[in-house]
Amino acid sequence: MSKYDVVIIGSGLGGLTAGAILSKRGRKVLVLEQNDRVGGCCSTYEIDGYKFDIGASVVEMIPIIDHAFAQLGTTFAREVDLIQCDPIYSVIFPDGERLTIPMSVEGAAEEIGKISKEDKEGFLQYAKKFESFIEGNGLDFFMMPMNTLGDMLASFKKVPILTKFGSFFAMTYDDVLRKYFKNPKVRQSMAYQSFYCGHSPEQAVGIFAIIPYMEHKGIYYPRGGMIKIPQAIQRIGEQHGMEVRLNTNVTKVLVDANKKVTGVVTADGETIEADVVVSNINARKLYLDLIGEEHLKPIVRKGIKSYALSKSTPYICLGVDYDPPLDAHHTLVTRDVDEINEFWWEKYRIGIVPKPEEQFGLICCPTKTDSSLAPKGHHIVALDFQGPSKLASGTWDDIKEEFSESLVDYLSQKIIPGLKEHVKTMVVSTPLDFERRLGNPGGAFYCFQQDLTAQVVFRPASKSKSIKGLYLTGASTHPGGGVPTVMASGVIAANQIVEYE
Ligand SMILES: Cc1cc2nc3c(=O)[nH]c(=O)nc-3n(C[C@H](O)[C@H](O)[C@H](O)COP(=O)(O)OP(=O)(O)OC[C@H]3O[C@@H](n4cnc5c(N)ncnc54)[C@H](O)[C@@H]3O)c2cc1C
């Protein structure tokens, strides 16, 4: 039986960040990962010479990532070879019109002005407003613990700009877009980013309307693939003694009679003792399966079961032997914002797969940024379009092939001429595949929904209130899913563990 100060379940960015920081602070840390590689949703695999990313395709909100690397005594830019994406994205509207958004705010205002003169001014006002949030250290909100109401009130005291943005927490993302932009096309060009926090514009909290603005502050791709970020954190952690064990599935968290963790058990029956256990997995799976309902008070059992799973989508990675006619690393294929909002109620919730002509989503062509990801003259096209997590009838395995072929066919005819004829390799990950690969129920990208009812103090606490010595990192806990935010959760957990000791 081996003994560690800290055992971490899962090598997603949340778990690795906590592990590396704790190792640097002298703790004996072991990270256990069920997969054959680190990074979870922020990772990369190679097939036929194409390096496909599993999930995340860019990073933004860089000050939050910088904060995590600062805890490790280094900088993001020093550890990862970052390539700036400029233009930051392009948009294809339902009528075929295209808009390409450059990094510079002035340049973007000019482009928006070509669609709507009054919205050019609206964009500058929008940018000024969110710049004031950043200048007022508003991003600190995402880096502070939020386990209690007291934590939340303290954050408003420490960061006064949050009070000034109070109405943005009460508004929806859609409300914020309507406040600044009159033209429906201009709103469409910034609506899809609400899905970066897992919700349609009418469900996402208004403060997340900062996302399109944050892209102007810097949006980057790590040369060599998204896995370079978790690999960098692993490398730093290992320099401080952190151990990472791959292909090791944790099946149980051991809890004693005093409701304190004592270690974990792996699928091959090994018991590993630890004073502290950090979970980087879905909190529902953690509490109900790995810990067990018998250790939880009825109110905790009920509470954890009440969290609705976040959205998932099918994700199609294509290796192609031509240069696809796309203008940027990210291309948004958009629709009218009302149709985007209706998708959730009329399709997603009841398990209906949209027809190709009803689709909207994101096309990522990372080889426009980093040509080393594919053989010479080849590109990667990744399609993140819509489909419910659970189907009204049958499973994703039944429709996987038909879904992907009809979508590629449609996009080839209407949006990316030549795509279908040039596909050399295709890998389709449905919500069911995401569930199998990451052990995440429903393949939920952000574990739980990120609306007002499941955010901040309403999200599972990073320091468990029911089990001593148990800490949560990753998308299940504040500040929720996304590369920078889960890294912030790792910093929060590491700091709390040091306080706990
Ligand atoms: C398709 C997609 C696109 C995305 N795009 C972006 C983007 O462009 N930018 C962005 O910022 N964010 C993006 N995200 C979100 C971001 O990637 C995630 O929120 C973040 O990486 C999740 O990190 P995490 O720490 O929660 O852990 P996860 O990535 O969920 O990793 C958890 C790890 O735990 C392991 N595990 C699970 N159960 C066990 C067990 N029992 N024992 C051992 N190991 C276990 C899993 O194998 C996994 O490696 C995207 C996500 C997806 C799915």
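What counts, and where the lines are drawn
- Residues numbered from 1 in each chain as written.
- Predicted model: local features only at pLDDT ≥ 70, side-chain atom pairs only at ≥ 80, totals over all residues.
- Heavy atoms only, no water.
- Helix = DSSP H or I, 4+ residues; strand = E, 2+ residues; numbered from the N terminus.
- Rg over C-alpha atoms; globule rule 2.2 N^0.38 Å.
- Buried < 20%, exposed > 50% of the residue type's maximum accessible area, 1.4 Å probe, protein only.
- Contact = heavy atoms within 4.5 Å.
- Areas by Shrake-Rupley, 256 points an atom, 1.4 Å probe, with all protein chains shown as cover.
- Lys, Arg positive; Asp, Glu negative; His and termini not counted.
- Charge placed at Lys NZ, Arg CZ, Asp CG, Glu CD.
- Salt bridge = Lys/Arg side-chain N within 4 Å of Asp/Glu carboxyl O.
- Pairing = 2+ DSSP bridges.
- Axes fitted to C-alpha atoms, helices over the stretch in contact; angles between N-to-C directions.
- Phe/Tyr/Trp six-rings, centres within 6.5 Å; stacked < 30°, edge-to-face > 60°.
- Lys NZ or Arg CZ within 6 Å of the ring centre and 35° of its normal.
- Near = heavy atom within 4 Å.
- Polar contact = N/O pair within 3.5 Å; in protein donor to acceptor, adjacent residues only side chain to side chain.
- Core = buried A, V, L, I, M, F, W, Y, C linked by side-chain atoms within 4.5 Å.

Chemist: Before we move on, could you go through the overall build of the chain and cite the residues and values that matter?
Modeler: Counting its secondary structure elements, the chain contains 19 helices and 18 strands. Since a compact globule built from 501 residues should have a radius of gyration of about 23 Å, the 22 Å found for the chain is in line with a globular shape. A principal-axis box enclosing the C-alpha atoms of the chain has dimensions of 65 × 50 × 45 Å. Across the 501 residues in the chain, those meeting the buried criterion constitute 60%. In the chain, of all internal contacts separated by at least 6 residues, the share reaching a separation of at least 24 is 72%. As presented, the chain carries roughly 18900 Å² of accessible surface, and 51% of it is formed by carbon and sulfur atoms. Each charge sign in the chain was given a centre, from 54 positive and 61 negative side chains, and these centres are 6 Å apart.

Chemist: Describe the pattern of salt bridges, listing the residues and the values that go with them.
Modeler: A full pass over the atoms with the stated rule returns 22 salt bridges. Linking Glu 79 and Arg 235 is a salt bridge whose minimum nitrogen-to-oxygen distance equals 3.0 Å. With Glu 79 in helix 3 (residues 76-79) and Arg 235 in helix 12 (residues 228-239), this residue pair connects regions lying 156 residues apart in the sequence. For Arg 235, a relative accessible area of 37% gives the class partly exposed. Salt bridges sharing partners connect three or more residues here, namely Asp 397, Lys 400, Asp 433 and Arg 436.

Chemist: Provide a residue-level description of the sheet that holds strand 13 (residues 315-320), including the pertinent values.
Modeler: With mixed pairing, the seven strands of this open sheet are ordered in space as 7-6-14-15-16-13-17. Each having just a single partner strand, strand 7 (98-101) and strand 17 (423-429) make up the two edges of the open sheet. Shown here is a sheet whose adjacent strand axes are inclined to one another by a mean of 20°, direction ignored. Direction of pairing for strand 13 relative to strand 16 (residues 379-385): antiparallel, over a ladder of six bridges. By the bridge assignment, Val 320 is partnered in strand 16 with His 379. Across the sheet, helix 18 (residues 431-438) lies against strand 13 and strand 17, angled at about 75° from strand 17, the strand it touches most.

Chemist: Break down the packing of aromatic side chains for me, with residues and values.
Modeler: Geometry of an aromatic ring pair is reported as the spacing of the ring centres plus the angle between the planes. Under the definition given, this model contains 27 aromatic pairs. Geometrically, the ring pair formed by Tyr 192 and Phe 195 is tilted, given 5.2 Å between the ring centres and 40° between the ring planes. Take Tyr 192 and Phe 195: they sit in the same class, and that class is buried. Look at Tyr 307 and Phe 448: their rings are 4.8 Å apart centre to centre, the planes differ by 25°, and that puts the pair in the stacked class. Highlighted residues: Tyr 307 in the loop between helix 14 (298-306) and strand 13 and Phe 448 in the loop between helix 18 and strand 18 (470-472), separated in sequence by 141 residues. A single burial state applies to Tyr 307 and to Phe 448, both of which are buried. Aromatic ring contacts, followed pair by pair, group Phe 123, Tyr 126, Phe 130, Phe 133, Phe 165, Phe 168, Tyr 180, Phe 181 and Tyr 213 into a single cluster. Geometry around Phe 165 places Lys 129 over its ring, the cationic atom sitting 4.7 Å from the centre.

Chemist: A description of the site of the ligand should follow, citing residues and the corresponding values.
Modeler: In the vicinity of the ligand, 34 residues are found, and the nearest of them are Gly 14, Glu 33, Cys 41, Gly 482 and Val 483. Note that an oxygen atom of the ligand is positioned 2.9 Å from one of the backbone N or O atoms of Gly 14. Between the ligand and the protein, one listed contact pairs an oxygen atom with a side-chain N or O atom of Asn 35 at 3.3 Å. Alone, the ligand offers 1000 Å² of accessible surface; in the complex the protein occludes 94% of this. Those elements that place two or more of their residues in the shell around the ligand are helix 1 (13-24) and helix 19 (483-500). For the shell around the ligand, the element with the most residues is helix 19, which contributes three residues.

Chemist: If you had to explain the side chain of Thr 334 to someone new, which residues and values would you point to?
Modeler: Here Thr 334 is to be found in the loop between strand 14 (330-333) and helix 15 (337-348). The contact partners of Thr 334, leaving out residues within four places of it in the chain, are Val 91, Ile 92, Phe 93, Pro 94, Gln 188, Ile 340 and Phe 360.

Chemist: Kindly report on the nonpolar core, identifying the contributing residues and their values.
Modeler: Within the largest apolar cluster, 147 residues are counted, with the highest numbers of intra-cluster contacts made by Phe 130, Ile 229, Val 253 and Tyr 287. Ranked by the residues each element gives to this core, the list is headed by helix 19, at eight residues. Ile 316, Leu 326, Val 381 and Val 428 belong to the second largest nonpolar core, which has 22 residues in total.

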